[in-house]
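The lines below spell out each chain.
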Amino acid sequence: MDFNFETGFSLFEALDILYNDIDADEIFIEPPEPCVQTDEDSGDENNGEVDNLSARQLRSKAEIKLANNKRYGGIGDDNIYPAESLSSNSGTLSEQYQHVSAKSTDEWMKKLKTGKKSFTWIKGGDFEELQLEFPQPDFSKYKNLSIVDIFETFLDYDIINYLVDETRRYALFLNCPDPHISHDEIRCFISILYLSGYNKLPSKKSFWDSMDDIMKHEAVCNAMRRDRFLQICRFIHCADNTQIGAKDKAWKIRPLMNMIKNKCLENVVPQKHLAYDESLVKYFGKHGCKQFIKVKPIRFGYKMWCVNTNDGYLVNFELYQGKDPRENEKYNSVFGKAVSPLF
C-alpha cells in the first residue's frame, strides 16, 4: 500500500523515522538552502554526527529508501518512487534489511500522515528575528520624579538604615566608642563619595583644604566636617564581621549588593532588547577578585557581569570571583556558567 505526501518530509522527520526502529537502506538529501551568514560546516568533516546538524540541513527535503526497495519522501515531483525506478548504481540491499516487512513500514507511515507524528517548523534562518509584538516601555511613573527622588528609589531608607546599623556595630566590634552616626550623615557621606568620582583630588582631605582655594569645595565643607568624614570612612561597613562567608570572596559587601540588585529588578521597565556583557570597576588595591585585562579602557579592577537595557539601565549584576559559591548546576546547564549567576 502506497501513501502520497503532498509536501514530503524533511531530514529531521527522516531521522525520526529511523529512531523509531524503521530500518532504511539509504537516505537521499537535497542540498540545504544557501546561507549568507556563514559557510562553515556544522561539524568535523571526518567525524560528523547526525546530532550535530544545522537547522538548514534539518529543514532540507529528504527521501528514504527502505530495505523492501520502496522510497518515501519527495525530492522530485513525485513523493513515492517504485522499486523499478531505482538506478543500477543503488547497489544491492544488505541482508540485515531483508527482514523488514512492507506492511509494518506502511503502517508507521500512515500514522505519520494522520498526525500522530507531526512536526511544525518555522521557516527562516537560524538568526531570524521572530516578529512578535512587544509592549512599548512605560516610564510614566518616573516622569515627575526629581533626581533626588530617583536616587532615593534605589538607596532608600532601608538601605541607609542598614549601613548605619552595620557601621555602628563595626565600631563597637573594634572596641571603639559608639560614633552615633545618623541616617542623614550616611546620606551626606555617600553624596561626597559620588562627588569624588568625577571631581578627583589628590586625597580625601583636599576637599577641606583651606590653603588652596582651587581644591577646596565649599559644598562639601558646609555639609560635613573633615574629621567626621574620616571617622565614617574608618567605620563604614556593609556586613556583620561575626558572620563570615568563607567561600564568598565578596561576603563583606554581599548584603548591600543583594539589596541594590533587588531595587534594580523592582524598578526595571521591561524592554524588548537587553545587553549582557562584562564591565570593570576601577580598583588598584589588594583583593582576591581584582582582575587585569590589558585591552580594556580600565585595566585593573573588579569584573562585573551585567545585564542592561539599550538605554543603559542596569537590570542585574554579579561580581566575578572565579568559582561562584552560589552557583546553580541546573542554571549552568541551561544558560551557561557566565549567565546563570544573573538568574
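For every chain, the first residue of its written sequence is number 1, and the numbers climb from 1 along that sequence. Residues qualify for local features only when their pLDDT is at least 70, as the model is predicted, and side-chain atom pairs are given and counted only at 80 or more; totals for whole chains, interfaces and linings, by contrast, use all residues. Where side-chain values are given, they derive from all heavy atoms of the structure, hydrogens and water being excluded.

Moving on to the overall build of the protein chain. For the protein chain, the count of helices and strands is ten helices and nine strands. For the protein chain, the residues scored as buried account for 32% of the 343 residues in total. Should any heavy atoms of two residues lie within 4.5 Å, those residues are considered in contact. Excluding contacts between residues fewer than 6 apart, the proportion of contacts in the protein chain whose partners are at least 24 apart in sequence is 63%. With the model as given, the accessible surface of the protein chain reaches about 23100 Å², and the carbon-plus-sulfur share is 52%. Only DSSP runs of H or I with at least four residues qualify as helices, and only runs of E with at least two residues qualify as strands; both kinds are numbered from the N terminus onward. Burial classification: accessible surface area is computed with a 1.4 Å probe over protein chains only, and a residue below 20% of its type maximum counts as buried, one above 50% as exposed, and the rest as partly exposed. Accessibility throughout is a Shrake-Rupley quantity obtained with a 1.4 Å probe, and a residue counts as covered only by protein chains that appear here.

Okay, the packing of helix α5 (residues 157-173) against helix α9 (residues 254-266) next. Remark: α5 packs on α9, axes separated minimally by 11 Å, with the N-to-C direction vectors making an angle of 175°. Our classification of the angle between α5 and α9 gives roughly antiparallel. Contacts from I159, Y162 and L163 of α5 reach α9 at P255, L256, M259, I260 and K263. Residue polarity is assigned by list, with Asp, Glu, Lys and Arg as charged and Ala, Val, Leu, Ile, Met, Phe, Trp, Tyr, Cys and Pro as nonpolar; anything else, Gly included, falls into the polar class. Among the residues making up the contact of α5 with α9, the classes are represented as seven nonpolar, no polar and one charged. To obtain each axis, a line is fitted to C-alpha atoms, and for helices this fit is confined to the stretch in contact; angles are then taken between N-to-C directions over 0 to 180 degrees. Angle categories are assigned with fixed cut-offs, so that under 35 degrees is roughly parallel, over 145 is roughly antiparallel, 65 to 115 is roughly perpendicular, and the rest are oblique.

Here we take up the state of the cysteines. Disulfides are defined in this document as cysteine sulfur pairs within 2.5 Å. One pass over the structure, following the stated rule, counts zero disulfides. Take C306: it sits in no disulfide, and the sulfur closest to it among the cysteines is that of C264, at 9.9 Å.

By the secondary structure assignment, M215 is in the loop between α6 (183-198) and α7 (218-223). Sequence-distant contacts of M215, that is, excluding residues within four places in its chain, are made with L201, P202, S206, F207 and D209.

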